[in-house]
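# Tertiary structure, described
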Amino acid sequence: MKDVVTLSKKVCMLGAFGVGKSSLVRKYVYNIFKEDYLTTIGVQIYQKSVTLKNKANQVGKSINMILWDMAHIEKFDKTIKTQILGASGAVLVFDLSRMQTFNELEEHAKRFLEVNPNSKLVFAANKIDLVDNNKLKMEQFLHLSEQYNTECLVTSAKTGHNVEKMFSVLASLL
Amino acid sequence: MQEFFEQILREKKLSCAIFDHDLVLQDWSKFLHQYCSIRIANKKIHTIWQVFPELVGMEEVVESILKQQTKKHDIEKINKYTATGKLRYYTLTLLPLADPRTGYIQLVCLIADTTTETAYEQEIQQQKYEILMLQSNLAKYGNHSSIGILGNSEKIIHVREFIKRLANVKNTTVLLQGKSGTGKNLVARAIHETSLTADGPFVEINCASIPATLLESEIFGYEKGAFTNALNSKNGLLEIADGGTFFLDEIGELPLSLQSKFLSFLEYKKFRRLGSTQENTVNVRIIAATNKDLKKAVENDEFREDLFYRLNVVATFLPDLHELGDDVIILAEHFINVYAYDFRKKIRGLTPSAREKLMAYSWPGNVRELRNVIERAIIFADGDRLDDKDLLLQEISPKPASMPGDISAIPDSGLSIAEMEKRFFFNAIRKAKGNQTKAAKLLGLSLDKFRYRMKKYNLDIKNSDGVETDIK
């Protein structure tokens, strides 16, 4: 039996303030959710290993994800570029209950790929627990994810909906 | 690491770790464990990626430093929870350092603790983003129409039109009349916010909530020594409202003694502070509101006639909620959105039976009562829509306008005690569904006495329509 290879990969959480980046990471790593809003300053580092199966449903590889939970980026200055440098992937998060947060995503994706051209992206439409699923117009999100050849998953850090799946999808792309 | 060197590092809130050319940890300062992800043991081999996983992905940068192609690399504002659960902020600096014995280049990771400074920044950013979050929520839930008055009924359209018409009219006094909870305050704010003086202050006072003796000094201000304990001069609310709007809620409660001074101000836009001989001039729009019938108050000598006419230049009546038809549902759904968001509940709208219940209710407390009912319902409801059982209403009372048998409604022409008694009988018969024994019991009368009075008032128990016609 072959040894499972463990790869360490840096993943950045990007998006506007209050969209739930920290909540998604905490739900994924510690399975906790807090209603309180606490602004992140700089970058908070988390780690979580995820084991991926190959096509034969056997353990293929293990990825040690180094999650960089980043503060809201107002300006892509030198400090930010230093922080996102070397990332293999990013989760771009927006808040379904504040659709203006969706507008920032494309800029974030573009700037992130300028620094890390070969990295992979996943979009998270977060806080589904606060909106009516029936009124969601997914076309615009799908358009963006198609543009970046990736997935856009509807998530909720509160209920845990799609949180594990979203990180697994990204891990499989890395 | 040598003790004196440790002391210097500690003094400057620094820690450090030194890695050899193969990126294995060689030496470290005592407090390094506060910033790294693993427990460091003397006899173990620790790589830089284990000690500082935040450097994963920066292999090229690390290599460049070891080759001395890069002199320094900083990563600012990293934060981590320590093993004791304390959040620490730090800047990680990577530097090349030649080993004095071998001459090989080593990698120094210098950690500068910035927890105290960054904690201040965190507080400021927290406040900033909380305000921005509130603003975006307000934009979403606070202003469904341009002036924040919801509804499509004719009466609400009239109110909105009234506000719009005032937008370009400078400083005209406005009188808002309507029952408690009909939104007089909201309309006053809407007038202010759409007016030419929207940038000025909006100052309000509730004339019923301040003792009559203090009201004059609150509105007009006072000079030092004007009365006992007037140790300093104080601006009145009129002065504070200069350039904006002064809203007097419950103007009907303004004491008669103060009404003449207020009238004089309305006429000449001038006033004197208490204890002053000097006249002050302010430029304010006055909006007054009342749930009292001011005309009646004038008749009863409780309100000055000249002040009433001075206030009544531009006036409107705000409708009761039960007069607004389907607007009840529009407002209810608005409050559902607001409170569902506030209480983080996924409740979206009303079931048909809940709608029916809301439409059937008379809403004596008007919009304020509706808001409270929805707030309570959102807190306790479990489903994804509010059901009729979630809506706790005082009672399903008949709508006043459509029920001639309503005891509390006194027509303008007046009502005699005999007629009043007749109405009680009518209601008792209706409540007892024509059962005389039950109706008599409801009124606390024996059956004989009940029948005697029925005959006296010529009420026909068999024909309720006839009764209704009779008492109109």
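The shown structure was predicted, so the numbers you read here are calculated from the model rather than taken from an experiment. (Residues numbered from 1 in each chain as written. Chains lettered and ligands numbered in written order. Predicted model: local features only at pLDDT ≥ 70, side-chain atom pairs only at ≥ 80, totals over all residues. Heavy atoms only, no water.)

### Let's talk about the environment of Ile156(B)
All names here are of chain B. Its place among the elements puts Ile156 in helix H5 (residues 154-167). Distance from Ile156 to Leu318, taken between C-alpha atoms, is 8.3 Å for residues 162 residues apart in sequence. Not counting the four nearest positions on each side in its chain, Ile156 is found in contact with Ile149, Leu150, Gly151, Leu324 and Asp327. (Helix = DSSP H or I, 4+ residues; strand = E, 2+ residues; numbered from the N terminus. Contact = heavy atoms within 4.5 Å.)

### Remarks on the interface of chain A and chain B
Across the boundary between the two partners, chain A contributes 34 residues, which contact 35 residues of chain B. When chain A packs against chain B, the two sides together hide about 3000 Å² of surface, and 59% of this comes from carbon and sulfur. Here chain A is connected to chain B by zero salt bridges. Across the chain A-chain B interface, the total number found is seven residue pairs in polar contact (both at pLDDT 80 or more). With four residues, strand S2 (residues 43-53) of chain A is the single largest residue contributor to the side of chain A that touches chain B. (Buried area = accessible area lost by both parts, 1.4 Å probe. Salt bridge = Lys/Arg side-chain N within 4 Å of Asp/Glu carboxyl O. Polar contact = N/O pair within 3.5 Å; in protein donor to acceptor, adjacent residues only side chain to side chain.)

### Overview of the pattern of salt bridges
This structure, assessed with the given rule, holds 22 salt bridges over all chains. Notably, a salt bridge pairs Glu107(A) with Arg111(A), separated by 3.1 Å at the nearest N-O pair. Taken together, the positions of Glu107(A) and Arg111(A), both in helix H3 (residues 105-115) and four residues apart, correspond to about one turn of that helix. For Arg111(A), a relative accessible area of 27% translates into the label partly exposed. Here Lys77(B) and Glu121(B) are joined by a salt bridge, their closest N and O atoms 3.2 Å apart. (Buried < 20%, exposed > 50% of the residue type's maximum accessible area, 1.4 Å probe, protein only.)

### What to know about the nonpolar core
Residue and element names in this part refer to chain B. Counting 57 residues, the largest nonpolar core has Phe52, Leu107 and Cys109 as the members making the most contacts within it. In contact with Leu107, not counting residues within four places along its chain, are Ala17, Ile18, Phe19, Leu23, Ile48, Val62, Ile65, Leu66, Leu94 and Leu95. The next biggest cluster of nonpolar side chains, apart from the first, holds 44 residues, and it includes Val159, Leu370, Leu386 and Leu393. (Core = buried A, V, L, I, M, F, W, Y, C linked by side-chain atoms within 4.5 Å.)

### Description of the pairing of strand S2 (residues 25-28) of chain B
Residue and element names in this part refer to chain B. With three bridges connecting them, strand S1 (residues 14-19) and S2 associate as antiparallel partners. Bridge pairing in S2 places Phe19 opposite Leu25. The loop that links S1 with its antiparallel partner S2 comprises five residues; one of these, Leu23, has a positive phi angle of about 65°. (Pairing = 2+ DSSP bridges.)

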